[in-house]
Structure formats: structure tokens, C-alpha cells
Amino acid sequence: HDHPGVKILLEALRKAGCPTKVGHRILCEPCPDGFQGGYDAVNKELVICENQVFSRSTAWNVLAHELVHTYDDCTAHVDWDNLEHWACSEVRAATLSGECSLGFSQLARAGFGLLPWKLRLAGLACSRRHAVRSLLSLQEQLSLKEAEQVVDKVVVRCYVDSSPFADIPPLHKHKTSRCWPLDEPKKKESANLIRTEDK
């Protein structure tokens with residue numbers, strides 16, 4: 001795999017008993033303008049938009065993003081009609097897919113340097129933007145302010161929920177030595193709204 005997160009997500013889905021197979025559950029299809037991919041919670045399928053994704057790196061990031069939604073849907077109590085649940089999964093997908101990884105030029109322009117806490121703040125802000133944009137793209141009745149309010153209720157706790165990874169993947173594109181291990185049996189207190197234990 002060109003994207004280490006994709007391999008980990010596919011393995012986590014397999015271990016959880018979630019059916020995911022290229023050509024069956026993972027599809028390439030044409031999509032409307034403005035969409036690069038999507039997750040169909042009814043049919044349990046994810047789509048990469050063949051007419052909107054034109055580079056290998058983008059395709060891997062889109063696949064990772066939609067696999068996070070697949071993982072959340074299969075392993076957590078997600079109510080996709082609940083905007084806070086949806087926003088939480090969007091924050092996680094943006095965070096864990098690599099969409100919010102930053103290159104040297106982006107860091108320099110933003111003035112963040114390489115301080116870990118500044119990288120985290122940049123990643124959090126990026127994940128928030130992605131989640132707001134996703135809500136607005138599929139909920140036409142929502143205003144920008146309403147979408148931001150929904151996301152702001154969940155963004156911090158969902159940003160730090162790195163399951164199935166042991167930690168949030170590297171925010172720096174050029175930091176390639178780290179292997180994003182699976183979150184092995186150590187018990188973590190869930191940070192988001194949807195990853196809760198059955199009572």
C-alpha cells in the first residue's frame with residue numbers, strides 16, 4: 001500500500017468483521033462536481049470518484065478518509081442522522097486520513113515551525129474546516145454558522161480519538177519513520193460521542 005493508514009484501516013476492519021473488498025464494497029464511480037468520494041451507510045459501500053480524483057496521492061487519501069467512516073459505522077454506534085455523530089466521523093476522517101498533513105512550505109507560510117503543539121493546533125483547525133465543509137456539502141439547509149456550531153461541539157474530543165491507530169498519524173508529511181501501529185488491547189477512554197461501549 002502507498003498509504004500506511006489504508007493498510008492499518010483495512011486490517012482493523014478485517015479484525016472487526018467488517019466486510020470491505022475492492023470492487024464490491026470499494027467502488028470507483030463518477031460523481032457530481034465537488035465530491036471526491038463518499039460512504040454509503042445503507043449499502044455499506046465506499047466510493048472513490050473516478051471523474052474527480054486525478055492523482056495517486058489524492059486517491060489514497062480519499063480511500064483512507066472513507067475507510068475511517070466505514071470503520072466508525074461498523075465498530076461504533078453511529079447515527080448518521082445525528083449531525084454531531086456525522087461531524088465527529090468527519091473530524092476523525094480528516095485527521096486520520098492524512099488530509100491535514102502539512103508540508104514544509106505550508107508550515108513556513110503559516111509560521112508554525114516544527115513545534116509539536118503548533119502542529120497539533122494546525123491539524124485541529126484543518127480537521128474542523130474539513131468537517132464544516134462536509135456538513136455544508138450534504139446538508140443544504142444548514143447555514144455556515146449552524147455547521148460550525150455542530151462541529152465545535154465535538155471537534156476537540158473527536159480529534160483526539162485515534163482508533164484504530166495508537167495515536168494520531170504524523171501531521172508532518174516528511175516524517176516518514178513512524179509506522180502508525182494498530183491500537184492494541186490497551187484500554188483508552190473514548191473521546192468522541194459515537195465510540196461508546198454497549199451497556
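Keep in mind it's a predicted model, so treat the numbers as computed, not measured. (Residues numbered from 1 in each chain as written. Predicted model: local features only at pLDDT ≥ 70, side-chain atom pairs only at ≥ 80, totals over all residues. Heavy atoms only, no water.)

Side note on the state of the cysteines
(1) Moving on: Counting across every chain of the model gives 4 disulfides.
(2) Moving on: Disulfide partner of Cys 88: Cys 158, at an S-S distance of 2.1 Å. Classification of the bridge connecting Cys 88 and Cys 158 rests on its S-S torsion, roughly -110°, and on that basis the disulfide is left-handed. Taken as a pair, Cys 88 in helix H3 (residues 83-97) and Cys 158 in helix H6 (residues 144-159) lie far apart in primary sequence, 70 residues in all. Each member of the pair, Cys 88 together with Cys 158, is buried.
(3) Moving on: Not engaged in a disulfide, the cysteine Cys 28 finds its nearest cysteine sulfur in Cys 49; these two sulfurs lie 9.1 Å apart.
(4) Moving on: On the basis of relative accessibility, which here comes to 54%, the residue Cys 28 falls in the exposed class. (Disulfide = S-S within 2.5 Å. Helix = DSSP H or I, 4+ residues; strand = E, 2+ residues; numbered from the N terminus. Buried < 20%, exposed > 50% of the residue type's maximum accessible area, 1.4 Å probe, protein only.)

Looking at the nonpolar core
(1) Moving on: If you look at the biggest cluster of nonpolar residues, it comprises 21 residues, and the most contacted ones within it are Val 6, Leu 9, Leu 46, Leu 63 and Leu 67.
(2) Moving on: For this core, the elements supplying multiple residues, two or more each, are helix H1 (4-15), strand S3 (45-49), helix H2 (56-75) and H3.
(3) Moving on: Take this core: its biggest share by element is 7 residues, from H2.
(4) Moving on: By size, the runner-up hydrophobic cluster in this structure holds 16 residues, among which are Ala 87, Cys 88, Leu 142 and Val 154. (Core = buried A, V, L, I, M, F, W, Y, C linked by side-chain atoms within 4.5 Å.)

Comments concerning the confidence of the model for the protein chain
(1) Moving on: A residue-level look at the protein chain finds 72% of positions with pLDDT of 70 or above and a mean pLDDT of 78.
(2) Moving on: Confidence, expressed as mean pLDDT per element, reaches its minimum in the protein chain at helix H4 (residues 104-110) with 45 and its maximum at H6 with 96.
(3) Moving on: Counting interchain partners and residues more than four positions distant, the pLDDT-below-50 stretch residues 104-109 has 11 contacts.
(4) Moving on: Segment residues 172-199 is flagged for pLDDT under 50; beyond a separation of four residues in sequence, or across chains, it makes 75 contacts in the model. (pLDDT = per-residue confidence, 0-100. Contact = heavy atoms within 4.5 Å.)

Some words on the packing of H3 against H6
The description of two packed helices rests on the angle between their axes and on the distance between the axes.
(1) Moving on: In the contact formed by H3 and H6, the axes pass within 8 Å of each other and the chain directions differ by 45°. In terms of axis orientation, H3 runs oblique to H6. For the pair H3 and H6, the crossing hand works out as right-handed. Seen from H3, the contacting residues are Leu 83, Glu 84, Ala 87, Cys 88, Val 91, Arg 92 and Thr 95; seen from H6, they are Val 150, Val 151, Lys 153, Val 154, Val 155, Cys 158 and Tyr 159. (Axes fitted to C-alpha atoms, helices over the stretch in contact; angles between N-to-C directions. Parallel < 35°, antiparallel > 145°, perpendicular 65-115°, else oblique. Left-handed = near helix turned anticlockwise from the far one by under 90°.)

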